[in-house]
Amino acid sequence: MCVGLSAKVVKVQDGMALIDADGARREVSAKMLDSLEPGDYVMVHAGIAIAKITEDDDEQSDELIEELNEGII
């Protein structure tokens, strides 16, 4: 199973995006997405922003991951 991580875009420069996923920041490739801007939300997989999502999608993704973690840990 592949799991994507939802995150908010902080900065975009030279085909890379700095993202924030619940306080954890890292750079990912933004080359797959057109017109990505700070404030956008993205789904990230294997270091690549693969899709734009909504803020609601981001919140739902965070809630689901939290529920899964509660069941596993």
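Notes on the structure follow. (Residues numbered from 1 in each chain as written. Predicted model: local features only at pLDDT ≥ 70, side-chain atom pairs only at ≥ 80, totals over all residues. Heavy atoms only, no water.)

1. Some details on the side chain of Ser-6
Item 1. By secondary structure assignment, the location of Ser-6 is in strand β1 (residues 5-13).
Item 2. The exposure class of Ser-6 is buried, given its relative accessible area of 3%.
Item 3. At 2.7 Å, the side chain of Ser-6 and the side chain of Asp-58 are in polar contact.
Item 4. Side-chain polar atoms of Ser-6 contact the side chain of Asp-62, separated by 3.5 Å.
Item 5. If sequence neighbours within four positions are ignored, Ser-6 has contacts with Ala-21, Val-42, Met-43, Ile-53, Asp-58, Ser-61 and Asp-62. (Helix = DSSP H or I, 4+ residues; strand = E, 2+ residues; numbered from the N terminus. Buried < 20%, exposed > 50% of the residue type's maximum accessible area, 1.4 Å probe, protein only. Polar contact = N/O pair within 3.5 Å; in protein donor to acceptor, adjacent residues only side chain to side chain. Contact = heavy atoms within 4.5 Å.)

2. A closer look at the pattern of salt bridges
Item 1. Counted by the stated rule, this structure contains 2 salt bridges.
Item 2. For Asp-20, the salt bridge identified is with Arg-25, shortest N-O distance 3.3 Å.
Item 3. Its salt-bridge partner being Lys-52, residue Asp-40 comes within 3.9 Å of it at the nearest N-O pair. In this pair, Asp-40 sits in the loop between β3 (24-29) and β4 (41-45) while Lys-52 sits in strand β5 (residues 48-53), placing the two residues 12 residues apart along the sequence.
Item 4. Classification of Asp-40 by relative accessible area gives partly exposed; the value is 22%.
Item 5. Since its relative accessible area comes to 41%, Lys-52 is described here as partly exposed. (Salt bridge = Lys/Arg side-chain N within 4 Å of Asp/Glu carboxyl O.)

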